[in-house]
Amino acid sequence: MFDKILIANRGEVAVRIIRAAHELGVKTVVVYSEADRDSLAVKLSDEAVCIGPAPSAKSYLVIPNIIGAAQITGAQAIHPGYGFLSESAEFARACADNDITFIGPSPEAIEQLGDKANAKATMARFGVPTVPGSDGAVATAEDAARFAAEVGYPVLIKASAGGGGKGMRVAESAEELEKMFVAAKTEAANAFGNDEVYLEKYLSHPRHVEVQVLADSCGNAMHLCERDCSIQRRHQKLLEEAPSPALDEQTRQAMGEAALRAVRGVGYVNAGTIEFLLDTDGRFYFMEMNTRVQVEHPVSEMITGSDIIKEQLRIAAGEPISIAHRAPLSPGCHAIEFRINAEDPAKGFMPCPGTITRFDVPGGPGVRVDTHIRAGYKVPPTYDSLLAKLIVWGDTRAEAVARGKRALSEFVIEGVATTIPFHQAVLENEVFLSGEVYTDFIETQMNGGTL
Ligand code: ADP
């Protein structure tokens, strides 16, 4: 195991990684921007290095500064967390070039899977079903129109380099497609520095179900069951649960096996997530693979009794996955994660930076809170608005829901508006309680989420 690792991230995930490292007896260095000088991560870490001013383009995204911080402090490995440089092949390569272990997959794997059009073609080769779509990138509006005519409208235009639900457009007709195609390319170029787009059949009423995988360099590959992330607003996840209320044992197994074929096929090592769309007939289609740890990883940890971040460290250090002997895993309980964001559900989820004047976290059985916030904390306008993740679990979905209601009512945050009332409304919704949730749930059942 490493003696010391560097964490190239901030917020709750930096704290989460520090905790895992310390439990393994590994010392930590956290990098931080001037806006995060007083953060919990800086306080909990053994060492901390300031790498620049608040804007992430001048701090958390500056590869030479981060590599330099690792060299000065003698960190042997870097954990990138999620977001920022976590899916940058360039960063993974810079680590390797400087004899620092990147706690994640190889730069080649990031490259191969990071291009979403490419990744689909790769998965199809390994017999993983994919969403019907164009063969790779689509160059012209005419090609796009031809494809759409073949599969039928509506179609979805997606950016090859896209992520975080950004850069997607639904075209309902040929006229719309023609207009949107150029706009989508321009938007992709601006947002991701790559104007490649591809097309997919737009599935009506799907669920988003994803499989957490782990693979080590000793030949072990396993999955940690699935997560259902259908509760989304504008393609951004707000509430995730595991297992999916929609899967029977047979589909769960088939999906897990498809995920493992993908992992073994590409020779993937470390933690990753294979995202699928599940249609109303129970068929599933590969959408993309995330080559990093995800925000919603705790629900998988709770239902499988595992620690994904610790496994990531073990795998990167060349050790076997510690729970490999327990595969195949099946869900041991039901877990739900609520993303508590500094956003106002009454005002279209407008971000609400400001000072937190009161922060009382819930506790008791079946409750976990992953957060970097304390009373007095100033939420900076610079970064994402995630304040805390509330994770609850119980023997059954009904027990997890009851715990969720109880814990949300104990959670007191004052000073900024939060998504707590939104989650409370979800837990009162009959359709949610019946488990019949689809990616259009918030739109169709909750008036877009506006309370
Ligand atoms: P990102 O990487 O930006 O998160 P994804 O490809 O994971 O983008 O898609 C995000 C969400 O968009 C999915 O969870 C789903 O709700 C919706 N989506 C993506 N592709 C399709 C599709 N072909 N049909 C219907 N919905 C889709």
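Participant: Just to check I follow, could you spell out the state of the cysteines for this structure?
Facilitator: The bond known as a disulfide is covalent and runs between the sulfur atoms of two cysteines. Enumeration over the complete set of coordinates arrives at zero disulfides. Considering cysteine sulfurs only, Cys50 is the nearest to Cys95, which forms no disulfide, with 19 Å between them. Among the residues examined, Cys95 registers a relative accessible area of 0% and is labelled buried.

Participant: Is there a simple way to explain unusual backbone geometry in this structure?
Facilitator: What is expected of a backbone is that most residues other than glycine have negative phi and most peptide bonds are trans. Put simply, Tyr153 and Pro154 share a cis peptide bond, and its omega is -5°. Tracing the backbone shows Pro154 in the loop between helix 7 (141-151) and strand 6 (155-159). That bond from Ala327 to Pro328 is cis: its omega, -5°, falls within 30 degrees of zero. With phi around 65°, His235 is a residue other than glycine that occupies positive phi space. Position of His235 among the secondary structure elements: in the loop between strand 10 (221-233) and strand 11 (236-242). Judged by relative accessible area, His235 falls into the partly exposed class, the value being 34%.

Participant: Whenever I open this one, the sheet that holds strand 9 (residues 207-215) confuses me. Can you help?
Facilitator: Backbone-to-backbone hydrogen bonds join strands into a sheet, with any given pair of strands oriented parallel or antiparallel. With respect to topology, eight strands assemble into an open sheet ordered 13-12-9-10-11-14-21-19, the strand pairing being antiparallel. At either end of the open sheet lies a strand with only one pairing partner, and these are strand 13 (284-290) and strand 19 (367-371). Ignoring which end each strand starts from, the neighbouring axes of this sheet average 25° apart. Relative to strand 21 (residues 386-394), strand 19 runs antiparallel, the two being bridged by five bridges. Within strand 21, the residue paired with Thr371 across the bridge is Ala388. Relative to strand 10, helix 10 (residues 297-304) is tilted by about 130°, and along the sheet it contacts strand 9, strand 10, strand 11, strand 14 (334-341), strand 19 and strand 21.

Participant: Please explain the site of the ligand as it appears in this structure.
Facilitator: Taken together, 22 residues lie around the ligand, and Gly165, His208, Gln232, Glu275 and Glu288 are the ones closest in. In this structure, Leu203 approaches the ligand through a main-chain N or O atom, which is 2.9 Å from a nitrogen atom. At 2.4 Å from an oxygen atom of the ligand is found a side-chain nitrogen or oxygen belonging to Glu288. Alone, the ligand offers 560 Å² of accessible surface; in the complex the protein occludes 96% of this. Residue assignment for the shell around the ligand shows that the elements contributing at least two residues are strand 6, strand 8 (197-201), strand 12 (270-278) and strand 13. Tallied by class, residues from the shell around the ligand come to eight nonpolar, seven polar and seven charged.

Participant: Is there a simple way to think about the nonpolar core in this case?
Facilitator: Note that soluble globular proteins tend to have their nonpolar side chains buried in a common cluster. In terms of nonpolar packing, the biggest core is built from 64 residues, with Ile5, Leu6, Ile66, Ile67, Ile78, Phe91 and Leu214 touching the most fellow members. It is helix 1 (residues 11-23) that contributes the most residues to this core, seven residues altogether. Ignoring sequence-local partners within four residues, the contact set of Leu214 consists of Asn220, Ala221, Met222, Leu224, Asn270, Ala271, Ile308, Glu311, Ile315 and Ile321. Counting residues in hydrophobic clusters, the runner-up holds 36 residues, among them Ile340, Val369, Ile373 and Ile413.

Participant: How should I be thinking about the pattern of salt bridges in this particular structure?
Facilitator: Once their charged atoms are close, side chains differing in charge can pair, the charge on each being opposite to the other. Tallied over the full model, the rule gives 36 salt bridges. Close ionic contact of Asp307 with Arg16 constitutes a salt bridge, the shortest N to O distance being 2.8 Å. Highlighted residues: Asp307 in the loop between helix 10 and helix 11 (308-316) and Arg16 in helix 1, separated in sequence by 291 residues. The same class applies to Asp307 as to Arg16, namely buried. Here Arg406 makes a salt bridge to Glu410, at a shortest N to O gap of 3.0 Å. Residue Arg406 and its partner Glu410 are located together in helix 12 (residues 397-410), separated by four residues, close to a single helical turn. You can call Glu410 partly exposed: its relative accessible area is 32%.

About the thresholds
Position numbers for residues count from 1 along each chain, tracking the sequence in the order it is written. Local features in a predicted model are, by the rule used here, given only for residues with pLDDT of at least 70; side-chain atom pairs are given and counted only at 80 or more, and totals for whole chains, interfaces and linings are based on all residues. For side-chain calculations, the full set of non-hydrogen atoms in the structure is used, while hydrogens and water are omitted. Pairs of cysteine sulfur atoms within 2.5 Å are what we label disulfides. Working definition: with a 1.4 Å probe on protein chains only, accessible area under 20% of the residue-type maximum means buried, over 50% means exposed, and in between means partly exposed. The helix and strand labels rest on DSSP assignments: H or I over at least four residues marks a helix, E over at least two residues marks a strand, and numbering proceeds from the N terminus. Note: two strands are recorded as paired if DSSP finds a minimum of 2 bridges between them. Between N-to-C directions, angles span 0 to 180 degrees; the directions come from axes that are lines fitted to C-alpha atoms, helices contributing only their stretch in contact. Working rule for contacts: check all heavy atoms of both residues, and any pair within 4.5 Å makes them a contact. Proximity is defined per residue: if any heavy atom of the residue lies within 4 Å of a molecule or strand, that residue is considered near it. Distance and chemistry together define a polar contact, namely a pair of N or O atoms within 3.5 Å, with one atom able to donate a hydrogen and the other to accept it when in protein, and with adjacent residues in sequence counting only for side-chain atoms on both sides. In short, Shrake-Rupley with a 1.4 Å probe defines the accessible areas, and a residue's cover is counted only from the protein chains shown. Residues are grouped as follows: Ala, Val, Leu, Ile, Met, Phe, Trp, Tyr, Cys and Pro are nonpolar; Asp, Glu, Lys and Arg are charged; all remaining types, including Gly, are polar. Within this scheme, the nonpolar core is defined by two criteria: the residues are buried Ala, Val, Leu, Ile, Met, Phe, Trp, Tyr or Cys, and they are joined through side-chain atoms within 4.5 Å. By definition, a salt bridge exists where a carboxyl oxygen of Asp or Glu is found within 4 Å of a side-chain nitrogen of Lys or Arg.

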